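# Coordinate analysis (summary)
Below are the chains, spelled out letter by letter.
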Amino acid sequence: MKINWGTGIVIGMALFISFIMYLVINMLTDKKFDHDLVTEEYYQEELHYQEEINAETNAFSLEENITDKRVKDGWLIEFPKNLELTKISGNLNFYRPSNEKLDFNIPLELSSHQVFIKDEQLVKGRWNIKIHWEYEETPYLYKNEIVY
């Protein structure tokens, strides 16, 4: 059977459309590609965005800000050494954009200027770190995006 150029174009287009449909159906039905919302109360969060900006500005105005880094067995977060530990309160939040089930919060109850997150709590991939904390009733916010 001889195929002319018109038939070849139609066959090529049909194969391309079939390939695209396969990808779409595969992504819609596979749990691996399940993406969660950033937050359930998105609009409520937006109302408090200016407070976050102010808290982040307060953190940038400190002599020394929070630092974080990867260490051998996990992730290390260090608070400024010039701050008194008993006056620090807040919440440490690890957010995984690709899987809501991996998110976790840690209340800040500091006994040293360091917080250590073990390897078992962190899965390889992208994480967003948010630390909402107060020192002498002044709110601070530290944000960082990491790849573990």
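The following refers to the structure shown. This one's a predicted model, so the numbers in the text were calculated from it and none came from an experiment.

Let us now look at the layout of surface pockets. Volume-wise, the second largest pocket comes out at about 240 Å³. If you list the elements that add at least two residues to the lining of the second largest pocket, you get α2 (42-47), α3 (49-60), β6 (126-135) and β7 (138-147).

Turning to its location among the elements, E78 is positioned in strand β2 (residues 74-78). In terms of polar contacts, E78 uses its side chain to reach the side chain of Q114, at 2.9 Å.

The next thing to look at is the pairing of β6. Note: strand β3 (residues 88-95) against β6, 8 bridges, orientation antiparallel. From the neighbouring strand, N91 faces β6, where its bridge partner is H132. Pairing between β6 and β7: 10 bridges, direction antiparallel. The residue of β7 that forms the bridge with N128 is E145.

What follows covers the nonpolar core. The biggest cluster of nonpolar side chains holds 26 residues, and the ones touching the most others in it are W75, I77, F79, L92, F94, I131 and W133. Taken together, the elements giving at least two residues each to this core come down to β2, β3, β5 (114-118), β6 and β7. Counting residues per element, this core draws most heavily on β6, which supplies 5 residues.

The tally for this structure, following the rule as stated, stands at 7 salt bridges. Between E84 and K87 there is a salt bridge; the shortest N-O distance is 3.8 Å. Exposure remark for E84: the relative accessible area of 40% places this residue in the partly exposed category. Linking E145 and R126 is a salt bridge whose minimum nitrogen-to-oxygen distance equals 3.1 Å. Here the residue E145 occupies a position in strand β7, and R126 occupies one in strand β6, the gap between them amounting to 19 residues. E145 sits in the exposed class, given a relative accessible area of 55%. Given a relative accessible area of 36%, R126 falls into the partly exposed group.

Its 12 residues give α3 an end-to-end C-alpha distance of 17 Å, which sits within 8% of 16 Å, the value for a rise of 1.5 Å per residue. Along α3, the residues classified as buried are E52, A55 and A59. On an axial view of α3, the arc spanned by its buried residues comes to 65 degrees, and they lie on one face. Residues of α3 that are buried in the fold lie against β6 and β7.

Turning our eyes to something else, we now look at unusual backbone geometry. Phi at E136 is positive, roughly 50 degrees, even though this residue is not glycine. Examined against the element boundaries, E136 turns out to sit in the loop between β6 and β7. Although it is not a glycine, E137 sits at a positive phi angle of roughly 65 degrees. Mapped onto the elements, E137 comes out in the loop between β6 and β7.

So, how was this worked out
- Residues numbered from 1 in each chain as written.
- Predicted model: local features only at pLDDT ≥ 70, side-chain atom pairs only at ≥ 80, totals over all residues.
- Heavy atoms only, no water.
- 1 Å grid on protein atoms, 1.4 Å probe; cavity = no way out; pocket = protein on both sides within 12 Å on 5 of 7 lines; lining within 4 Å.
- Points joined across faces, edges and corners; volume = space filled by probe spheres on them.
- Helix = DSSP H or I, 4+ residues; strand = E, 2+ residues; numbered from the N terminus.
- Polar contact = N/O pair within 3.5 Å; in protein donor to acceptor, adjacent residues only side chain to side chain.
- Pairing = 2+ DSSP bridges.
- Core = buried A, V, L, I, M, F, W, Y, C linked by side-chain atoms within 4.5 Å.
- Buried < 20%, exposed > 50% of the residue type's maximum accessible area, 1.4 Å probe, protein only.
- Salt bridge = Lys/Arg side-chain N within 4 Å of Asp/Glu carboxyl O.
- Expected span 1.5 Å × (residues − 1).
- Arc of directions from axis to C-beta.
- Contact = heavy atoms within 4.5 Å.

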